[in-house]
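Below, each chain spelled out in residue letters.
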Amino acid sequence: MLNWQELTRTGAGTTLIHRLDPRVKISMLLITGFVIIFLDNPALLAIMLAVGAAGMLIARLPLMKLKVAVVVVLLGLWGAVFSQALFYEQVPRTVMLTLIAPELPVLGPLTKGLYVYHEGVIYGLRQGLRMAAMTTLGLLVCWTTDTRLLLLGLVRLRMPYSLAFMAVTAVRFIPILMQETMQVVSASTMRGGSRLSIRLLSPILANCLRRAGTLAVAVESRAFRSQDRRTYLEELCFTPGEKMFLSVYILLAVIVILSKTSYICYQYGLYYASSLRPVYEIARSYL
């Protein structure tokens, strides 16, 4: 049986990934999320996915977490490719496989033919790899960063404390919510009820509201937001290696974004400069 507490436990570890400054991890996640929008090359997106997977192996995550990550990534990829392969609407589109011929009795006239399109597969693969790369990196950050350091990292990145507190609290509530859901499902099954029923949402939602109210009273009673400036027991400090790594990562991200933006402007006739032709070629071929 899946142990939700173990699955959502964060922090503990001594590997390089665990010891990275939380601001580096959060910044990488945000920058990658922005850069990945500009990338269209499936090979490059696959490399980014592989980098996230390699980070999980370097962090020596438990086998259960690796299995969950693989299942989530494969389900996302399959869903994106399958849906786009069948329902791709843009033109041109090339038929790779006919699933239901228009001449087939009953189903043929109803569906007007069901095909797998080559362009749809490529488009779905591209979208699926985008989601998979971000999912892998997000899980890596969540599983290797203690929530206390995650909160401190968000605050030091200039996020308002209230928003950072809500984000971290939501992450910490996930195992509790999953545990309560399993308890409600088990109780329903023992009474002879269904494991999947809309009525199960009522006790889960009631518990969430009750817990949220208790938490609100608890934090207010401890003078939450009573002072504008907060102090912390420990402070974050970039190492020289982390500074260099983050600087190079930001520089590469800027280069990719500017190159792809200039190519898009050229592609849609918004701006063209002959001196940028090598940039257009690199963006078209590799990005």
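Note: the structure precedes this text.
Residues numbered from 1 in each chain as written. Predicted model: local features only at pLDDT ≥ 70, side-chain atom pairs only at ≥ 80, totals over all residues. Heavy atoms only, no water.

Q: Sorry if this is basic, but what is going on with the side chain of Thr-15 here?
A: Counting through the fold element by element, Thr-15 comes out in the loop between α1 (4–7) and α2 (16–19). For Thr-15, a relative accessible area of 10% translates into the label buried. Within the local environment of Thr-15, its side chain forms a polar contact with the side chain of His-18, the two groups lying 2.6 Å apart. (Helix = DSSP H or I, 4+ residues; strand = E, 2+ residues; numbered from the N terminus. Buried < 20%, exposed > 50% of the residue type's maximum accessible area, 1.4 Å probe, protein only. Polar contact = N/O pair within 3.5 Å; in protein donor to acceptor, adjacent residues only side chain to side chain.)

Q: I'm lost on the nonpolar core in this one. Help?
A: Burial of nonpolar side chains together is a common tendency in soluble globular proteins. Counting 20 residues, the largest nonpolar core has Val-35, Leu-39 and Leu-49 as its most contacted members. Contributions of two or more residues to this core are made by α3 (22–35), α4 (42–58), α5 (63–87), α7 (118–144), α11 (240–267) and α12 (277–286). Per-element accounting of this core gives the leading share, 4 residues, to α11. Once residues within four sequence positions are removed from consideration, Val-35 is found in contact with Ala-253, Val-256 and Ile-257. In this structure, Leu-154, Val-155, Tyr-161 and Ala-164 belong to the second largest nonpolar core, which totals 10 residues. (Core = buried A, V, L, I, M, F, W, Y, C linked by side-chain atoms within 4.5 Å. Contact = heavy atoms within 4.5 Å.)

Q: Sorry, what's going on with the environment of Gln-84 here?
A: Mapped onto the fold, Gln-84 is located in helix α5. Given the relative accessible area of 24%, Gln-84 is considered partly exposed. Spatially, the C-alpha atom of Gln-84 lies 37 Å from that of Thr-189, the residues being 105 residues apart in sequence. Setting aside residues up to four positions removed in sequence, Gln-84 forms contacts with Gly-120, Tyr-123 and Gly-124.

Q: I tried to follow the packing of helix α8 (residues 147–156) against helix α9 (residues 161–190) on my own but got confused; where do I start?
A: Any two packed helices are characterised by the angle at which their axes cross and by the distance between the axes. Between α8 and α9, the least distance of the axes is 9 Å, while the angle of their chain directions is 155 degrees. In terms of axis orientation, α8 runs roughly antiparallel to α9. Read as a crossing pair, α8 and α9 show a hand that is right-handed. Contact residues: α8 offers Thr-147, Leu-150, Leu-151, Leu-154 and Val-155, while α9 offers Tyr-161, Ala-164, Phe-165, Ala-167, Val-168, Val-171 and Arg-172. Split into classes, the residues belonging to the contact of α8 with α9 amount to 10 nonpolar, 1 polar and 1 charged. (Axes fitted to C-alpha atoms, helices over the stretch in contact; angles between N-to-C directions. Parallel < 35°, antiparallel > 145°, perpendicular 65-115°, else oblique. Left-handed = near helix turned anticlockwise from the far one by under 90°. Nonpolar A, V, L, I, M, F, W, Y, C, P; charged D, E, K, R; others polar.)

Q: Teacher, can you tell me more about the pattern of salt bridges here?
A: Where charged atoms of side chains with opposite charge meet at close range, the side chains can pair. For the structure shown, the criterion picks out 5 salt bridges. One salt bridge connects Asp-40 with Arg-130, and the closest N-O pair in it is separated by 2.8 Å. With Asp-40 in the loop between α3 and α4 and Arg-130 in helix α7, this residue pair connects regions lying 90 residues apart in the sequence. A relative accessible area of 31% places Asp-40 in the partly exposed class. (Salt bridge = Lys/Arg side-chain N within 4 Å of Asp/Glu carboxyl O.)

Purely spatial values, then, with no claim about function.
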